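Commentary on secondary and tertiary structure
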Amino acid sequence: MGSNDEQQNGLILFMGERTEHALTSIQKYLPDAVYIVTSDKFATSHGRRLKEWAKHYSFRPGGVKSIENLFQQSAVNSILNEVISIKNEEEQMQESNLRWHLGITGGTMHMAAAGSYAGLLLGLSLIH
């Protein structure tokens, strides 16, 4: 991770079962911190992956947020709340100057819609 004076990248990845898009985003954006938003079905396996990737690519693993109601109408609110909670956690740490990127190439259509909305509300750069 760089000093607080230089711009750093934070990465929030929406993920389903596949991981290719996540690795591509990590390699392109060289993040200083990475979070994953996924279904409760994949939370444990993605948590392990996040730790492995953090060691390999030298970033801080922010954590995995799981959405229990991913295939229900209320999922959009849940997804949006998780993205907001990630931003709030990072702002409370006040440890870095992160420019946030949100990967909406994985997960579900609910995730893509909520991610686009979150990007507009919170000023996140969207990765398509």
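Above this text sits the structure in question.
Attention shifts here to the overall build of the protein chain. Broken down by element type, the protein chain carries four helices and five strands. For the protein chain, the N- to C-terminal ordering of α and β elements is β-α-β-α-β-α-β-α-β. Once the C-alpha set of the protein chain is aligned to its principal axes, its extents read approximately 40 × 30 × 25 Å. Looking at the protein chain residue by residue over its 128 residues, the buried ones come to 47%. In the protein chain, the proportion of contacts linking residues at least 24 apart, taken out of those at least 6 apart, comes to 66%. Taken as two groups, the 11 positive and 13 negative side-chain charges of the protein chain have centres that lie 6 Å from each other.

This part covers the pairing of strand β4 (residues 98–103). With respect to burial, β4 is a largely interior element, five of its six residues being buried. Pairing analysis gives six bridges linking strand β1 (residues 8–14) to β4, with the strands arranged parallel. From the neighbouring strand, L11 faces β4, where its bridge partner is H101. Note that β4 and strand β5 (residues 125–127) share three bridges and pair parallel. Within β5, the residue paired with G103 across the bridge is I127. Considered for its hand, the β-α-β crossover made up of β4, helix α4 (residues 109–122) and β5 is right-handed.

Of the positions making up helix α1 (residues 20–29), those classed as buried are H21, A22, S25, I26 and Y29. Projection of α1 onto a plane perpendicular to its axis shows the buried side chains occupying an angular sector of 135°, all on one side. Where α1 is buried, its residues meet β1, α2 (43–57), β4 and β5. Following α1 by one or two positions, L30 adopts a phi angle in the positive range, close to 45°.

Core analysis: the biggest nonpolar cluster contains 20 residues, and I12, F14, V37, I79, W100 and L102 have the highest contact counts within it. The biggest single contributor to this core is helix α3 (residues 75–93), with five residues. Look past the residues within four positions of I79 in its chain and what remains in contact with it is F14, I67, L70, H110, M111 and A114. Residues L13, A22, I36 and W53 belong to the second largest nonpolar core, which totals 13 residues.

Turning to α3, a few remarks are in order. Spanning 19 residues, α3 covers 27 Å between terminal C-alpha atoms, matching the ideal 27 Å at 1.5 Å per step. Along α3, the residues classified as buried are A75, I79, L80, V83, I86, K87 and E90. The arc that holds every buried residue of α3, seen down its axis, measures 145°, which confines them to one face. Set apart from the buried face of α3 by more than 90 degrees, the exposed residues are N77 and Q92.

In the sheet, strand β2 (residues 33–39) pairs with strand β3 (residues 60–67) via seven bridges, with the strands oriented parallel. Counted as the bridge partner of T38 is S66 from β3. Regarding topology, α2 serves as the crossover connection from β2 to the parallel β3, and that connection is right-handed.

So, how was this worked out
Residues numbered from 1 in each chain as written. Predicted model: local features only at pLDDT ≥ 70, side-chain atom pairs only at ≥ 80, totals over all residues. Heavy atoms only, no water. Helix = DSSP H or I, 4+ residues; strand = E, 2+ residues; numbered from the N terminus. Buried < 20%, exposed > 50% of the residue type's maximum accessible area, 1.4 Å probe, protein only. Contact = heavy atoms within 4.5 Å. Lys, Arg positive; Asp, Glu negative; His and termini not counted. Charge placed at Lys NZ, Arg CZ, Asp CG, Glu CD. Pairing = 2+ DSSP bridges. Right-handed = clockwise from strand over helix to strand, strands pointing away. Arc of directions from axis to C-beta. Core = buried A, V, L, I, M, F, W, Y, C linked by side-chain atoms within 4.5 Å. Expected span 1.5 Å × (residues − 1).

All quantities given are derived from atomic positions and should not be read as evidence of function.
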